[in-house]
Amino acid sequence: MVNIKPVAKVNPRDLAADNKYYAQVVTTEKTDLKRLAYLVSNQSTVRQGDCYAVITSLLHNIIDELKSGHIVKLDQLGSFQLTVSSEGVETLEEVNQFLVKDVRLRFRPDKEIKKSLNIKTLDFKLVS
């Protein structure tokens, strides 16, 4: 069950307009790596500590691959890729690494996960 609540938001194109209310997801708690390792271990014959070690190793390797400029695709989950924002310059010759102002991590979910998490597969409950 996904909890939602009403949230008033300003129209950024018309600040004088009345606020409109939108549904917003209410997160109740976070699931960390230890919890994921526990869940995986209960669904398999692998111990919780082993699951945790594999997951943390996976994270380390994802970071290393991203630092190498690779797209990291985890089948059925999605792809991770780094993007950057930079200053604009007039000529090709002026482009260098010092123009980069921010690095972002982009995640693109795989078709399977998108299919599993949509309006037809989720139940919503209004909370206050």
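Before going into details, it helps to say that this report is about the structure given with it. (Residues numbered from 1 in each chain as written. Predicted model: local features only at pLDDT ≥ 70, side-chain atom pairs only at ≥ 80, totals over all residues. Heavy atoms only, no water.)

If you tally the helices and strands in the protein, you get three helices and six strands. When its helices and strands are written in sequence order, the protein yields β-β-α-α-β-β-β-α-β. Its C-alpha radius of gyration of 21 Å places the protein more than 25% over the 14 Å reference for a compact globule of 128 residues. By its C-alpha atoms, the protein is 60 × 45 × 25 Å across when sized along the principal axes. Residue burial in the protein is summarised as follows: out of 128 residues, 12% are buried. Relative to all contacts within the protein whose residues are 6 or more apart in sequence, the contacts with residues 24 or more apart total 34%. (Helix = DSSP H or I, 4+ residues; strand = E, 2+ residues; numbered from the N terminus. Rg over C-alpha atoms; globule rule 2.2 N^0.38 Å. Buried < 20%, exposed > 50% of the residue type's maximum accessible area, 1.4 Å probe, protein only. Contact = heavy atoms within 4.5 Å.)

Side chains that differ in sign of charge can pair as their charged atoms come close. A complete count under the given rule lists four salt bridges for this structure. Between Lys 73 and Asp 110 there is a salt bridge, with its nearest N and O atoms 2.9 Å apart. One end of the pair, Lys 73, is in strand β3 (residues 72-74); the other, Asp 110, is in the loop between β5 (100-109) and α3 (111-116), and 37 residues separate them in sequence. Overall, the relative accessible area of 47% leaves Lys 73 in the partly exposed class. With a shortest N-O distance of 3.9 Å, Glu 112 and Lys 115 are connected by a salt bridge. Highlighted residues: Glu 112 and Lys 115, both in helix α3, separated by three residues, approximately one helical turn. A residue is classified by how much of its surface remains accessible, and Glu 112, at 42% relative accessible area, is partly exposed. For Lys 115, a relative accessible area of 54% corresponds to the exposed category. Salt bridges sharing partners connect three or more residues here, namely Lys 73, Asp 75 and Asp 110. (Salt bridge = Lys/Arg side-chain N within 4 Å of Asp/Glu carboxyl O.)

Remember, this is a structural readout, not a statement about activity or role.
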